[in-house]
There are 2 protein chains.
Amino acid sequence: MTVLTCPLCVASGTVVFQGEKFRAIRADEPGFPAFYRVIWTAHVVEFSDLGLADRHRCMAAVNAVECALRAVLQPTKINLAALGNVVPHLHWHVIARFEWDSHFPAPVWATAQRPVDGAAVTLLQAKLGEVDLTIQRALAALCQAD
Amino acid sequence: MTVLTCPLCVASGTVVFQGEKFRAIRADEPGFPAFYRVIWTAHVVEFSDLGLADRHRCMAAVNAVECALRAVLQPTKINLAALGNVVPHLHWHVIARFEWDSHFPAPVWATAQRPVDGAAVTLLQAKLGEVDLTIQRALAALCQAD
């Protein structure tokens, strides 16, 4: 089901991979270049609205994005979250966090701990092409094996 | 492996269910009575540090806690998150969110939107015994089937 008033049913961010069941986007969040989302295609609200096979597929995609971020960027930590209070359509935030980022160790939604480090952000942005490609390959392989 | 300096290897919160691979706790976070955590027993940092079978087990536990919260409390939204920036030991936050809560629709880590509604919190607290029991039964069944 597509809900035309739901922004995640329609479009958002830079699409990195488009599958049948889900897509991966780079969210282009200011100060957090390595902020990706796995967005489930069907308009479901909660993770537990999915059946077992789809929950496995969904988390395999989240895991693949996490692995790509770890392999290319060696972040201090990965943050995963499915919140959806504002847009209640199942989507997972997959965020590479670094000790130097503006909010670490607080969540990205909390109060900033320090100003954005423009130089570090620029260095990170230079690696996003490789991250995107690694995600594309991993998710394509996942969908092909499915 | 147990890391004695890691607070999640040792103890935290009110234990609702203790399995071999994971435990579920009620976090007793002020203003958010229905804030649970699924804590992986082994000291791993990231979700992708788990093998496939353990990722399935872990998310089955998270899903079971989510289902218990939905069944007993009918929350506005469920929030799931594995952050671990402060305590890098794999744990999932499973939080029942309500339109009346102090932060909704912002994440619980963001700035409060309004004061805590003491009466609503008290009403919610009265249902936590049933939530705990529902979680215990679901996770026991999950571990028995495993």
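Use the structure listed above.
Rules used throughout
Residues numbered from 1 in each chain as written. Chains lettered and ligands numbered in written order. Predicted model: local features only at pLDDT ≥ 70, side-chain atom pairs only at ≥ 80, totals over all residues. Heavy atoms only, no water. Contact = heavy atoms within 4.5 Å. Buried area = accessible area lost by both parts, 1.4 Å probe. Salt bridge = Lys/Arg side-chain N within 4 Å of Asp/Glu carboxyl O. Polar contact = N/O pair within 3.5 Å; in protein donor to acceptor, adjacent residues only side chain to side chain. Helix = DSSP H or I, 4+ residues; strand = E, 2+ residues; numbered from the N terminus. Pairing = 2+ DSSP bridges. Core = buried A, V, L, I, M, F, W, Y, C linked by side-chain atoms within 4.5 Å. Buried < 20%, exposed > 50% of the residue type's maximum accessible area, 1.4 Å probe, protein only. Axes fitted to C-alpha atoms, helices over the stretch in contact; angles between N-to-C directions. Least-squares fit on C-alpha atoms with pLDDT ≥ 70 in both. Left-handed = near helix turned anticlockwise from the far one by under 90°. Nonpolar A, V, L, I, M, F, W, Y, C, P; charged D, E, K, R; others polar.

Remarks on the interface of chain A and chain B
- Listed per partner, the contact involves 33 residues of chain A and 32 residues of chain B.
- Summed over the three residues of chain A that lose the most area to chain B, namely A:Glu46, A:Lys77 and A:Asn85, the buried surface amounts to 22% of that side.
- Inspection of the chain A/chain B interface yields 4 salt bridges.
- When the shortest N-O distance is used, the salt bridge between A:Glu46 and B:Lys77 registers 2.6 Å.
- Between chain A and chain B we count 22 residue pairs in polar contact (both at pLDDT 80 or more) in total.
- For the side of chain A that touches chain B, the element with the most residues is helix H2 (residues 52-73) of chain A, which contributes 7 residues.
- When strand E4 (residues 77-82) of chain A meets strand E4 (residues 77-82) of chain B, the two strands line up antiparallel, connected through 3 bridges. Bridged to A:Leu80 within E4(B) is B:Ala82.

Re the nonpolar core
- Ranked by internal contacts, the top residues of the largest apolar core, which has 68 residues, are A:Leu69, A:Trp92, B:Leu69 and B:Trp92.
- If you look at the next biggest cluster of nonpolar residues, it comprises 12 residues, including B:Ala27, B:Phe32, B:Ala81 and B:Trp109.

Digging into the pattern of salt bridges
Residue and element names in this part refer to chain A.
- By the definition in use, this model includes 18 salt bridges over all chains.
- Residue Arg 26 is joined to Asp 28 by a salt bridge in which the shortest nitrogen-to-oxygen separation is 3.3 Å.
- A salt bridge links Arg 57 to Asp 146; its shortest N-O distance comes to 2.4 Å. You can see Arg 57 sitting in helix H2 and its partner Asp 146 sitting in the segment after helix H4 (128-145), a full 89 residues away along the chain.
- Linked through salt bridges whose partners overlap, the residues forming this network are Lys 21, Asp 54, Arg 57 and Asp 146.

Quick notes on the sheet that holds strand E3 (residues 35-40) of chain B
- Here we have 10 strands laid out as an open sheet, ordered E1(A)-E2(A)-E3(A)-E5(A)-E4(A)-E4(B)-E5(B)-E3(B)-E2(B)-E1(B), and antiparallel in their pairing. What marks the edges here is a single partner per strand, and that holds for strand E1 (14-18) of chain A together with strand E1 (14-18) of chain B. Adjacent strand axes in the sheet meet at a mean angle of 20° when their direction is disregarded.
- Across 5 bridges, strand E2 (residues 22-26) of chain B lies against E3(B) in antiparallel orientation. The residue bridging B:Ala24 from the neighbouring strand is B:Val38, located in E3(B).

Quick notes on unusual backbone geometry
- For the peptide bond that leads from A:Phe104 to A:Pro105, omega is 0°, which places it in the cis range.
- One non-glycine residue, A:Asp28, lies in the positive phi region at around 55°.
- For A:Asp28, the location among the structural elements is in the loop between strand E2 (22-26) and strand E3 (35-40).
- Notably, B:Gln74 is not glycine yet its phi reads approximately 45°, a positive angle.

As for the relation of the copies chain A and chain B
- Turning chain A through 180° and shifting it by 0.0 Å along the axis lays it on chain B, with an RMSD of 0.0 Å. Taken together, the rotation and translation relating the two chain copies correspond to the operation of a two-fold axis.
- An overlap of 97% is found between the interface residues of chain A and their copies at the interface of chain B, pointing to a shared contact surface.

A word on the packing of helix H2 (residues 52-73) of chain B against helix H4 (residues 128-145) of chain B
Residues and elements named next belong to chain B.
- The interhelical angle for the contact between H2 and H4, taken along N-to-C directions, is 145°, at an axis separation of 9 Å. The two elements H2 and H4 meet at a crossing, and its hand is right-handed. Facing H2, whose interface residues are Ala 60, Ala 61, Ala 64, Val 65, Ala 68, Leu 69, Val 72 and Leu 73, H4 presents Glu 130, Val 131, Thr 134, Ile 135, Ala 138, Leu 139 and Leu 142.
- Among the residues making up the contact of H2 with H4, the classes are represented as 13 nonpolar, 1 polar and 1 charged.

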